[in-house]
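The lines below spell out each chain.
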Amino acid sequence: MASICRTLAISSSLRNTILYPSIRGTATKVTLGDPVEHATGLEKRELLAKLAGNDDPFDMKVMKRGPGTKTQPNQIPSAYDARIVGCICEEDATCINWMWLYKGKPRRCECGHWFSLVHKDPL
């Protein structure tokens with residue numbers, strides 16, 4: 001019974017150990033390359049945009065409202081023909097008023113601010 005417990009203890013302690021081959025008994029250091037080299041697709045375009053200085057490539061950060069009049073609406077960038085936008089009408093509001101914006105059709109929020117969709121090239 002003791003030999004079974006010892007065998008289980010040894011096998012469980014070696015389970016998380018990774019052995020790397022070494023040359024002449026010296027330890028080798030394994031490093032991964034740059035994350036940009038390993039990334040593909042949309043993740044790679046996001047990393048390249050961040051390296052170029054665009055820290056918000058998908059326009060997901062909160063934007064401050066401007067004047068928001070009908071003649072000068074708040075411009076919301078989008079690569080598509082429609083986008084959902086949330087407006088925090090009052091500074092102390094506990095809820096967000098959500099609305100769909102469509103290209104070419106400015107929309108007024110319940111608080112009176114106007115929003116319009118402007119085209120932005122996708123990543």
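About the cut-offs
- Numbering of residues starts from 1 in each chain and follows the order in which that chain's sequence is written.
- Whole-chain, interface and lining totals are the exception, using all residues; otherwise, since this is a predicted model, local features are given only for residues with pLDDT of at least 70 and side-chain atom pairs are given and counted only at 80 or more.
- To obtain the side-chain values, all non-hydrogen atoms of the structure were used and water was disregarded.
- Relative accessibility thresholds used throughout: buried, under 20% of the residue-type maximum; exposed, over 50%; partly exposed, between the two (1.4 Å probe, protein chains only).
- Numbering of helices and strands runs from the N terminus; a helix is a DSSP stretch of H or I covering at least four residues, while a strand is a stretch of E covering at least two.
- At least two DSSP bridges between two strands are needed for those strands to be called paired.
- In this analysis, a patch consists of residues with relative accessible area above 30% that form no salt bridge, clustered at 9 Å for like charges and at 5 Å for the nonpolar side chains Val, Leu, Ile, Met, Phe, Trp and Tyr.
- A 1.4 Å probe and the Shrake-Rupley method give the accessible areas. Residues count as covered only by the protein chains that appear here.
- When a carboxyl oxygen of Asp or Glu lies within 4 Å of a side-chain nitrogen of Lys or Arg, that pair is called a salt bridge.
- Contact criterion: two residues are considered in contact whenever any of their non-hydrogen atoms come within 4.5 Å of each other.
- Every definition here rests on a 1 Å grid over the protein atoms only: cavities are sets of points where a 1.4 Å probe fits but cannot get out, pockets are open sets enclosed by protein on both sides within 12 Å along at least five of seven lines, and lining residues have some atom within 4 Å of a point.
- Grid points are joined across faces, edges and corners, and a volume is the space filled by probe spheres set on the points.
- As a working rule, the residues Ala, Val, Leu, Ile, Met, Phe, Trp, Tyr, Cys and Pro are called nonpolar, Asp, Glu, Lys and Arg charged, and the rest polar, with Gly in that last group.
- How far each domain reaches was decided by an automatic or database domain assignment.

Asker: How should the pairing of strand 3 (residues 97–102) be read in this particular structure?
Answerer: A regular strand places its side chains so that they alternate between the two faces of the sheet. Burial of the side chains of strand 3 is restricted to one face: Asn97, Met99 and Leu101 are buried, whereas none of Trp98, Trp100 and Tyr102 on the reverse face is. Bridge count for strand 2 (residues 82–87) against strand 3 is six bridges, and the pairing is antiparallel. Considered in strand 3, the bridge of Val85 is made with Met99.

Asker: Explain a nonpolar patch on the surface to me, please; I cannot follow it from the model alone.
Answerer: Taken together, the side chains of Ile84, Ile88, Ile96, Trp98, Trp100 and Tyr102 present a nonpolar region at the surface, about 630 Å² in accessible area. Of all the elements, strand 3 adds the most residues to the nonpolar patch, at three residues. Along the chain, Tyr102 turns up in strand 3. Exposure remark for Tyr102: the relative accessible area of 41% places this residue in the partly exposed category.

Asker: Honestly, unusual backbone geometry in this entry has me stumped. Any pointers?
Answerer: Most peptide bonds are trans, and most residues other than glycine sit at a negative phi. Positive phi is not limited to glycine here, since Asp59 has a value of about 55°. With respect to the element layout, Asp59 can be found in the loop between helix 3 (41–51) and strand 1 (74–78). On the basis of relative accessible area, Asp59 is assigned to the buried category, the value being 18%.

Asker: Would you explain the environment of Phe115 in this entry?
Answerer: Inspection of the secondary structure assignment puts Phe115 in strand 5 (residues 114–119). Among all residues touching Phe115, those that are not within four sequence positions of it are Arg65, Pro73, Asn74, Ile76, Cys87, Met99, Leu101, Pro106, Arg107 and Cys109.

Asker: Would you mind showing me how to read the pattern of salt bridges here?
Answerer: A side chain of one charge can pair with a side chain of the opposite charge when the charged atoms of the two come close. The final tally for this structure, using the stated rule, is four salt bridges. With a closest N to O distance of 3.5 Å, Lys50 and Glu46 form a salt bridge. Within this pair, Lys50 and its partner Glu46 are both found in helix 3, separated by four residues, close to a single helical turn. When its relative accessible area of 44% is taken as the criterion, Lys50 is described as partly exposed. On the accessibility criterion, Glu46 (25% relative accessible area) is partly exposed. Ionic pairing is found between Lys120 and Asp59, a salt bridge with its closest N-O pair at 2.9 Å. You can see Lys120 sitting in the segment after strand 5 and its partner Asp59 sitting in the loop between helix 3 and strand 1, a full 61 residues away along the chain.

Asker: Looking at this structure, I do not really get the layout of surface pockets. What am I missing?
Answerer: Which parts of space are left empty comes out when a probe the size of a water molecule is rolled across the atoms. Taken as a whole, the largest pocket spans an internal volume of roughly 660 Å³. Where the lining of the largest pocket is concerned, the elements lending two or more residues are strand 1 and strand 2. The element best represented in the lining of the largest pocket is strand 2, accounting for five residues. Tallied by class, residues from the lining of the largest pocket come to 11 nonpolar, four polar and seven charged. Each pocket or cavity is described by its volume, and for the second largest pocket that value is around 320 Å³. Pro57, Phe58, Ala79, Tyr80 and Pro122 are the residues nearest the centre of the second largest pocket, which is lined by 16 residues in total. A per-class count over the lining of the second largest pocket returns nine nonpolar, two polar and five charged. Each of domain 1 (34–60) and domain 2 (64–122) gives at least three residues to the lining of the second largest pocket.

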